[in-house]
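Structure at a glance
The primary structure of each chain is shown beneath.
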Amino acid sequence: MFATLVDLVLPTSCAGCGTAGVAWCDRCADRIAGGPVRVPPARWLSGLPPVVAGGVYEGPLREAVNAYKEHGRHGLAAVLGDRLAVAVRACVPAGRAGVLLVPVPATPAAARRRFGDHVTRLARRAGAGLTRAGVPGAVGFPLRALPRPDSVGLTAAQRVAAARAGLRLRPGRLGDVRAAVAAGVSLILVDDVITSGATLDAAAGLLRSAGLPVTAAATVAYTPRRPDSPESES
Ligand SMILES: [Zn+2]
């Protein structure tokens with residue numbers, strides 16, 4: 001705990017490569033500057049919208065996501081939120097009035113463990129960057145997560161079921177989202193990393209059931225190999 005708090009104040013090494021003296025070095029910044037990447041569709045997830053990622057979940061990007069999520073390096077929200085914005089821009093249809101970013105919500109336990117909802121922080125950074133770049137970006141919260149066990153070790157079908165069971169609509173927040181959609185704003189789901197896609201599929205399905213069509217999903221990174229997909233289980 002003490003090490004984590006110290007790191008919040010004084011990052012002593014690059015989160016991507018370990019170079020001393022900087023929180024994020026120029027070399028790592030260059031290495032993640034490509035993208036965006038269109039994530040191949042998962043045919044077994046019928047409700048998954050088109051997904052675009054800011055990069056592949058490997059190398060410095062992977063290190064930065066892990067440092068940000070699991071080791072309290074909240075300062076990396078700038079780097080990772082900007083990657084998310086790159087992905088979101090690739091999702092926005094021409095001529096739209098703007099985007100409403102809908103973060104995949106953290107469970108209460110995860111938010112406590114990570115000193116806040118880490119995806120919401122990224123969404124706010126991305127939204128602000130998009131607005132400055134001429135694409136009005138806001139963040140909405142029509143979803144909430146129920147407490148649920150870790151999905152590690154589940155089969156693909158179990159993951160889909162767990163993702164659906166773990167999300168709920170927030171009725172009090174739907175009015176604002178409906179108004180945005182009616183005004184021509186695109187709904188974009190956002191998350192940190194897409195692995196199986198089950199969570200984004202569940203979130204999009206839930207919003208659709210409330211009459212809220214999701215244009216696309218955007219993530220900071222994606223894992224090209226999906227060991228839990230049905231294709232690789234055969
Ligand atoms: Zn570095």
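Note that the coordinates shown come from a computational prediction; the quantities given were computed from them, not determined experimentally.

On the protein side, the zinc ion has C14 (SG), C17 (SG), C25 (SG) and C28 (SG) as donor atoms, found 2.3 Å from it. Around the zinc ion, the four donor atoms are arranged such that angles at the metal cover 106 to 115°; this shape is classified as tetrahedral. Written as a sequence motif, the donor arrangement for the zinc ion is C-x2-C-x7-C-x2-C. Judged by relative accessible area, C17 falls into the partly exposed class, the value being 37%. Look at C25 and you get buried, because its relative accessible area is 10%.

This part covers the pattern of salt bridges. Going through the model one piece at a time under the given rule, you end up with four salt bridges. The shortest N-O distance in the salt bridge between E70 and R114 comes to 2.8 Å. With a gap of 44 residues between them, E70 in helix α3 (residues 59-70) and R114 in the loop between α5 (108-113) and α6 (118-132) connect regions that are remote in the sequence. Classification of E70 as partly exposed rests on a relative accessible area of 40%. R125 serves as the salt-bridge partner of D82, at 3.0 Å between the closest nitrogen and oxygen. Of this pair, D82 sits in helix α4 (residues 77-89) while R125 sits in helix α6; the two residues are 43 residues apart in sequence, bridging distant segments of the chain.

A few words on the nonpolar core. Ranked by size, the top nonpolar core spans 38 residues in total, and within it W24, L80, V88, I188 and V190 carry the most contacts. For this core, the element with the highest residue contribution is α4, accounting for seven residues. Residues within four places of V88 in sequence aside, it is in contact with V99, L101, L130, I188, V190 and A218. Counting residues in hydrophobic clusters, the runner-up holds 33 residues, among them V51, A53, A163 and I194.

Turning our eyes to something else, we now look at the side chain of H118. Take H118: it is sitting in helix α6. Leaving out residues up to four positions away in the same chain, H118 has contacts with Y68, K69 and D192.

Attention shifts here to the layout of surface pockets. In this model, the second largest pocket occupies a volume close to 160 Å³. Lining the second largest pocket are R31, I32, G34, G35, V37, G54, G55, V56, E58, G59, P60 and L61. In terms of residue count, the dominant contributor to the lining of the second largest pocket is α3 (three residues). Partitioned by chemical class, the residues of the lining of the second largest pocket number five nonpolar, five polar and two charged.

What counts and what doesn't
- Residues numbered from 1 in each chain as written.
- Predicted model: local features only at pLDDT ≥ 70, side-chain atom pairs only at ≥ 80, totals over all residues.
- Heavy atoms only, no water.
- Donors = N, O, S within 2.8 Å, 3.2 Å for Na, K, Ca; no water.
- Tetrahedral: all angles 85-135°; square planar, octahedral: opposite > 155°, others 65-115°.
- Buried < 20%, exposed > 50% of the residue type's maximum accessible area, 1.4 Å probe, protein only.
- Salt bridge = Lys/Arg side-chain N within 4 Å of Asp/Glu carboxyl O.
- Helix = DSSP H or I, 4+ residues; strand = E, 2+ residues; numbered from the N terminus.
- Core = buried A, V, L, I, M, F, W, Y, C linked by side-chain atoms within 4.5 Å.
- Contact = heavy atoms within 4.5 Å.
- 1 Å grid on protein atoms, 1.4 Å probe; cavity = no way out; pocket = protein on both sides within 12 Å on 5 of 7 lines; lining within 4 Å.
- Points joined across faces, edges and corners; volume = space filled by probe spheres on them.
- Nonpolar A, V, L, I, M, F, W, Y, C, P; charged D, E, K, R; others polar.

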